[in-house]
There are 2 protein chains.
Amino acid sequence: MTQSTFYAGVDGGGTKCRAELYDAAGNLLGAGISGSANIARSGSVARESILASVQHAIAEAELPPETLANTAVYAGLAGANVPSAAGALRNWQHPFQQFHFTSDLHTALFGAHGGANGAVLVVGTGSCAAALVDGTLVQYGGHGFLLGDKGSGAWLGKQAVTHTLEALDGLQEFGGLAKAVCQHYQCHSAVALVDKLNHASPGVFGELCPLILQLAHQGDATALALVEEGSRYLSAIARQAMGKSGGDLVITGGVAGALAPWLDPEVQAAVREHQFGPEWGAILLLRAAQEAK
Amino acid sequence: MTQSTFYAGVDGGGTKCRAELYDAAGNLLGAGISGSANIARSGSVARESILASVQHAIAEAELPPETLANTAVYAGLAGANVPSAAGALRNWQHPFQQFHFTSDLHTALFGAHGGANGAVLVVGTGSCAAALVDGTLVQYGGHGFLLGDKGSGAWLGKQAVTHTLEALDGLQEFGGLAKAVCQHYQCHSAVALVDKLNHASPGVFGELCPLILQLAHQGDATALALVEEGSRYLSAIARQAMGKSGGDLVITGGVAGALAPWLDPEVQAAVREHQFGPEWGAILLLRAAQEAK
């Protein structure tokens, strides 16, 4: 008898990992949240986060910890589109009844339009867009913190820190944004900022996102320029995805709602509510793929 | 008897580490080159590089390996301005007779003007400028690969890769620069490029610098825009340093010569030949500091 008693859908991003636990009839039993699950940044951290989120969902459902071995886990994970990271995760000696994964983009997109053609724009710690075209995913952006992810929370934060370092060097006006960055990290010299942030995770830069958005709303020119530059890029990848799918656009991720007012009018006009969240999208997509085998 | 028989001056940058071995009379006996010595990126790699460069210099001088224990090493190291990195290196159980270090910027600057007031602009894998004012160093830039180092070889390379990823997504024209980047890394999709470069060292991005400069010379608009943006920043930090020191400017580092024609005319006009290299600068600066104790 190989059928699972429980199903966990996992949505693993750069900052947090969220699991939803369902019974075989599709009733939501509980949810759990843990830390980063970007497998291209750290496979070991991601594995811990996936496990912890499912354990928390099982605990919230008031089920015994041993339920883990009787749960099929279907995960959408940031970084799963990077072949070396995906290859490493396939060798995981996981404690679940089953474990299947794809990119967080794929599960978000599949859930958003209930498996129909459509586009999604994800803006959280990272950023990307994608189109679902007759079951095939086409991705735009999603190149990671170092090389891309423009418009994301981490990118906005990193740009704000770079601006602050230049302001501390006297190359830019030391205005409201630079002051806010120094205050947030409690660093008042370039050396202290670099020492604190040189090896920091994208999430640490993403912490700045709310204050950058607040300053942009207040009309701070530097914050506004960053938000506008990021939003231009996000509109561009969203347009590519919409053009490819010919469908509607769902926007998702921790920063998407706050940035929506800055997206191009044509992009804003295409935005629809999602049908399902990424956790249920993961279960629908990956369970169907498993059953087709 | 604590006096050393030999002195090694070490110039440790983000890509290579170079040691010069001198006798007590100041005669150059040999030189040695090894890999990266940026202590803020990896203390263990930097320690290996410092050791290897001095060993190579001893070998080139046709002295026995045991000379190491009779050699006082004075090093200027990239990343030494980062307090946590410098703190870690101070605990090194090194095999030398003595070991002292400061930032590569400090030794380059001290050597460049023979200890007199002046400014330096360093452009190699990273970038920074500094002023020496009555023995005190004031730094501009030098914020590292993630947060700054604009105009450096690694920054130019990273910007070229980001451009290429956007071109592969259809957001930019897939022109000469994008083609050259794909060919250099033998990657012909965004996923392959991200997989190859997501965790790559700054030096791997710096590999692109010669082809970016070549394309800029040929009038490629994208390459030219990158070189001009980088050079504007380099001119700005050089002007800050020149204003502070009131002195001449020495430019140094593997990329400085190639970028010099793009610097502001007033910055170009201030450029002078260096008096001493950073290796001898390290010996002069740190030996004087030791003897003053």
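What counts and what doesn't
- Residues numbered from 1 in each chain as written.
- Chains lettered and ligands numbered in written order.
- Predicted model: local features only at pLDDT ≥ 70, side-chain atom pairs only at ≥ 80, totals over all residues.
- Heavy atoms only, no water.
- Contact = heavy atoms within 4.5 Å.
- Buried area = accessible area lost by both parts, 1.4 Å probe.
- Salt bridge = Lys/Arg side-chain N within 4 Å of Asp/Glu carboxyl O.
- Helix = DSSP H or I, 4+ residues; strand = E, 2+ residues; numbered from the N terminus.
- Buried < 20%, exposed > 50% of the residue type's maximum accessible area, 1.4 Å probe, protein only.
- Phe/Tyr/Trp six-rings, centres within 6.5 Å; stacked < 30°, edge-to-face > 60°.
- Core = buried A, V, L, I, M, F, W, Y, C linked by side-chain atoms within 4.5 Å.
- Least-squares fit on C-alpha atoms with pLDDT ≥ 70 in both.
- 1 Å grid on protein atoms, 1.4 Å probe; cavity = no way out; pocket = protein on both sides within 12 Å on 5 of 7 lines; lining within 4 Å.
- Points joined across faces, edges and corners; volume = space filled by probe spheres on them.
- Nonpolar A, V, L, I, M, F, W, Y, C, P; charged D, E, K, R; others polar.
- Domains from an automatic or database assignment.
- pLDDT = per-residue confidence, 0-100.
- Polar contact = N/O pair within 3.5 Å; in protein donor to acceptor, adjacent residues only side chain to side chain.
- Pairing = 2+ DSSP bridges.
- Axes fitted to C-alpha atoms, helices over the stretch in contact; angles between N-to-C directions.

1. Remarks on the interface of chain A and chain B
Then, number 1: Contacts between chain A and chain B engage 34 residues on the former and 34 residues on the latter.
Then, number 2: Buried surface at the junction of chain A and chain B, both sides included, amounts to about 2,900 Å², of which 61% is carbon and sulfur.
Then, number 3: Linking chain A to chain B there are two salt bridges.
Then, number 4: Linking Glu166(A) and Lys150(B) is a salt bridge whose minimum nitrogen-to-oxygen distance equals 2.8 Å.

2. Overview of the environment of Gln93(B)
Then, number 1: Locating Gln93(B) in the fold gives a position in the loop between helix 2 (83-89) and strand 5 (98-103).
Then, number 2: Between the C-alpha atom of Gln93(B) and that of Asp11(B), which follows or precedes it by 82 residues, the distance is 20 Å.

3. Quick look at helix 8 (residues 209-217) of chain B
The periodicity of an α-helix, 3.6 residues per turn, causes residues three or four positions apart to be oriented the same way.
All names here are of chain B.
Then, number 1: Among all positions in helix 8, only Cys209, Leu211, Ile212, Leu213, Leu215 and Ala216 are buried.
Then, number 2: Each element contacted by the buried residues of helix 8 is listed here: helix 4 (153-168), helix 5 (176-185), helix 7 (202-206), helix 9 (221-245) and helix 10 (256-259).
Then, number 3: After helix 8 finishes, the residue Gly219 shows a positive phi value of roughly 90°.

4. Regarding the packing of aromatic side chains
Residues and elements named next belong to chain B.
Then, number 1: Within the structure shown, the criterion is met by 14 aromatic pairs over all chains.
Then, number 2: Aromatic side chains Tyr7 and Tyr74 sit 6.2 Å apart centroid to centroid with 25° between the ring planes, which places their arrangement in the stacked category. In this pair, Tyr7 is assigned in strand 1 (residues 6-12) and Tyr74 in strand 4 (residues 71-77), connecting sequence segments 67 residues apart.
Then, number 3: Accessibility expressed as a relative area gives 7% for Tyr7, which makes it buried.

5. Considering the environment of Val267(A)
Then, number 1: One can find Val267(A) in helix 11 (residues 265-269).
Then, number 2: Those residues within four positions of Val267(A) in sequence are excluded, and the remaining contacts are Ser235(A), Ala238(A), Arg239(A), Met242(A) and Leu249(A).

6. Some remarks on the nonpolar core
Then, number 1: Membership of the largest hydrophobic core comes to 156 residues, with the highest contact counts inside it found for Leu77(A), Phe99(A), Leu77(B) and Phe99(B).
Then, number 2: Setting aside residues up to four positions removed in sequence, Leu77(B) forms contacts with Gly12(B), Ala37(B), Ile39(B), Ile50(B), Leu89(B), Phe99(B), Phe101(B), Thr102(B), Ser103(B) and Asp104(B).

7. Description of the relation of the copies chain A and chain B
Then, number 1: Expressed as a screw transformation, the operator carrying chain A onto chain B has a rotation angle of 180° and an axial translation of 0.1 Å, and the superposed copies differ by an RMSD of 0.1 Å. Considering both components of the superposition, the chain copies are consistent with a two-fold axis. In terms of C-alpha distance to the rotation axis, chain A has Leu146(A) as its closest residue, with the C-alpha 3.6 Å off the axis.
Then, number 2: Same-surface contact between copies: 100% of interface residues of chain A are shared with the interface of chain B.

8. Quick look at helix 5 (residues 176-185) of chain A
All names here are of chain A.
Then, number 1: Three or more residues of helix 5 are buried, namely Leu177, Ala178, Ala180, Val181, Cys182 and Tyr185.
Then, number 2: On its buried side, helix 5 packs onto helix 4 (153-168), helix 6 (190-197), helix 7 (202-206), helix 8 (209-217) and helix 9 (221-245).
Then, number 3: Following helix 5 by one or two positions, Gln186 adopts a phi angle in the positive range, close to 55°.

9. Things to note about the layout of surface pockets
Then, number 1: In this model, the second largest pocket occupies a volume close to 990 Å³.
Then, number 2: Lining of the second largest pocket is provided by 35 residues; of these, Gln159(A), Glu229(A), Trp155(B), Gln159(B) and Glu229(B) occupy positions nearest its centre.
Then, number 3: Elements with a minimum of two residues in the lining of the second largest pocket: helix 4 and helix 9 of chain A together with helix 4 and helix 9 of chain B.
Then, number 4: With eight residues, the top contributor of residues to the lining of the second largest pocket is helix 9 of chain B.
Then, number 5: The residue inventory of the lining of the second largest pocket, partitioned by class, reads 13 nonpolar, twelve polar and ten charged.

10. Comments concerning the domain arrangement of chain A
Residue and element names in this part refer to chain A.
Then, number 1: Split into domains, chain A comes out as domain 1 (6-114 + 276-292) and domain 2 (115-273).
Then, number 2: Spacing between the C-alpha centres of domain 1 and domain 2 amounts to 25 Å.
Then, number 3: Taken together, the eleven residues of domain 1 in the interface contact 24 residues of domain 2.
Then, number 4: Taking both partners together, domain 1 and domain 2 bury about 1,300 Å²; carbon and sulfur atoms supply 66% of that area.

11. Considerations on the confidence of the model for chain A
Then, number 1: Mean pLDDT over chain A: 92, with 99% of residues reaching 70 or higher.
Then, number 2: Helix 12 (residues 278-292) of chain A is the least confidently modelled element of chain A, averaging 86 in pLDDT, while helix 4 of chain A averages 97, the highest of any element.

12. A few points about the side chain of Asp169(A)
Then, number 1: Note that Asp169(A) resides in the loop between helix 4 and helix 5.
Then, number 2: In terms of polar contacts, Asp169(A) uses its side chain to reach the backbone amide nitrogen of Gly141(B), at 2.5 Å.
Then, number 3: Residues contacting Asp169(A), with those up to four places away along its chain left out, are Gln139(B), Tyr140(B), Gly141(B), His143(B) and Gln240(B).

13. Digging into the pairing of strand 2 (residues 17-23) of chain B
All names here are of chain B.
Then, number 1: Extensive coverage of strand 2 is indicated by the burial of five of its seven residues.
Then, number 2: For strand 1 and strand 2, the ladder comprises seven bridges, and the chain directions are antiparallel. Across the sheet, Asp11 pairs through a bridge with Arg18, a residue of strand 2.
Then, number 3: Between the end of strand 1 and the start of strand 2, which pair antiparallel, lie four residues.

14. So, the side chain of Ser34(A)
Residues and elements named next belong to chain A.
Then, number 1: Topologically, Ser34 is positioned in strand 3 (residues 28-34).
Then, number 2: On the accessibility criterion, Ser34 (14% relative accessible area) is buried.
Then, number 3: In this structure the side chain of Ser34 is engaged in a polar contact, spanning 2.6 Å, whose partner is the backbone oxygen of Ser49.
Then, number 4: If we ignore the near neighbours within four places in the chain, the residues touching Ser34 are Thr15, Lys16, Cys17, Ser49, Ala52 and Ser53.

15. Brief notes about the sheet that holds strand 5 of chain B
Residues and elements named next belong to chain B.
Then, number 1: Spatially, five strands are ordered 3-2-1-4-5 in an open sheet, and the strand pairing comes out mixed. This sheet does not close on itself; its edge strands, each paired only once, are strand 3 (28-34) and strand 5. Each strand axis lies, on average, 15° off the axis of its neighbour in the sheet, ignoring direction.
Then, number 2: As defined by bridge partners, strand 1 adjoins strand 4 across seven bridges and the pair is classed as parallel. When the sheet's bridge partners are listed, Phe6 is paired in strand 4 with Thr71.
Then, number 3: Against the sheet, helix 1 (residues 43-60) makes contact with strand 1, strand 2, strand 3, strand 4 and strand 5, and its axis sits at roughly 140° relative to strand 3, the strand it touches most.
Then, number 4: Together, strand 1, strand 2, strand 4 and strand 5 form the strand contacts of helix 12 (residues 278-292), whose direction differs from that of strand 1 by roughly 120°.

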